[in-house]
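# Geometric and topological summary
Okay, here's what each chain looks like letter by letter:
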Amino acid sequence: MRTQFIRRSAAVVAGLALAGGGLGIAGALQANAATTHTTMVSASVAAKSITIKSDKATAKAWTKVSFTGKTTGIAKNTTVQVQRLQNGKWVNFPATTKVTSKATYSVWVQSGRVGVNKFRVVSAGTASAAASVTITK
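Residues numbered from 1 in each chain as written. Predicted model: local features only at pLDDT ≥ 70, side-chain atom pairs only at ≥ 80, totals over all residues. Heavy atoms only, no water.

Right, let's get into the overall build of the protein chain. When helices and strands are counted, the protein chain shows two helices and ten strands. The buried share among the 137 residues of the protein chain stands at 28%. Counted over contacts in the protein chain with a minimum sequence separation of 6, partners at least 24 positions apart contribute 55%. Surface accessibility of the protein chain: about 9,000 Å² in total, with carbon and sulfur atoms responsible for 57%. (Helix = DSSP H or I, 4+ residues; strand = E, 2+ residues; numbered from the N terminus. Buried < 20%, exposed > 50% of the residue type's maximum accessible area, 1.4 Å probe, protein only. Contact = heavy atoms within 4.5 Å. Areas by Shrake-Rupley, 256 points an atom, 1.4 Å probe, with all protein chains shown as cover.)

Below is the structure:
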């Protein structure tokens with residue numbers, strides 16, 4: 001009786017799927033209708049993200065400015081690259097570090113470019129938002 005119920009339910013769902021244009025789904029449902037049990041498979045993919053926070057909003061030229069942040073979905077020991085916005089393009093800055101076992105990072109930079117400097121970090125194909133630091137003489 002249970003097998004008949006499963007087959008009838010699958011046939012109804014398959015009919016609805018065919019009516020909606022989901023031919024691939026209907027075929028898969030019909031193939032599963034012959035079995036007496038159903039296995040549910042669930043997969044979750046963690047989205048990659050990285051944040052950035054500066055310890056200073058303003059700094060004198062060539063003073064160390066520290067950036068820290070947290071990552072999600074990025075493996076331990078993955079390289080974190082600092083970039084600066086120059087002429088409308090993100091350019092690698094000579095500062096890198098690694099993601100820690102606690103999914104964090106810490107890195108510092110020194111800049112002599114007076115004015116607003118926009119920095120971000122990139123790791124595993126994921127970029128943070130920009131952090132602005134005003135460099136003064």
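The rest of the description comes next.
Counting residues in each nonpolar core, the largest one holds 19 residues, and the members touching the most others are F67, V82, Y105, V109, F119 and V121. Broken down by secondary-structure element, the contributors of at least two residues to this core are β4 (65-72), β5 (79-86), β6 (89-98), β7 (104-109), β8 (115-123) and β10 (131-136). (Core = buried A, V, L, I, M, F, W, Y, C linked by side-chain atoms within 4.5 Å.)

Positionally, N117 belongs in strand β8. Look at N117 and you get buried, because its relative accessible area is 1%. Engagement of the side chain of N117 in a polar contact is seen with the side chain of R84, the distance being 3.0 Å. Sequence-distant contacts of N117, that is, excluding residues within four places in its chain, are made with R84, S111, A131, S132, V133 and I135. (Polar contact = N/O pair within 3.5 Å; in protein donor to acceptor, adjacent residues only side chain to side chain.)

Secondary-structure assignment places T97 in strand β6. When residues no more than four places from it in sequence are discounted, the contact partners of T97 are T78, T79, V80, Y105, S106 and V107.

Let's shift gears to the pairing of β10. What you see with β10 is a clean split: A131, V133 and I135 sit on the buried side and S132, T134 and T136 on the side with no burial. As paired elements, strand β3 (residues 58-60) and β10 share three bridges and run parallel to each other. For K60, the partnering residue across the bridge sits in β10 and is T136. Sheet topology note: the β8/β10 ladder contains five bridges and is antiparallel. (Pairing = 2+ DSSP bridges.)

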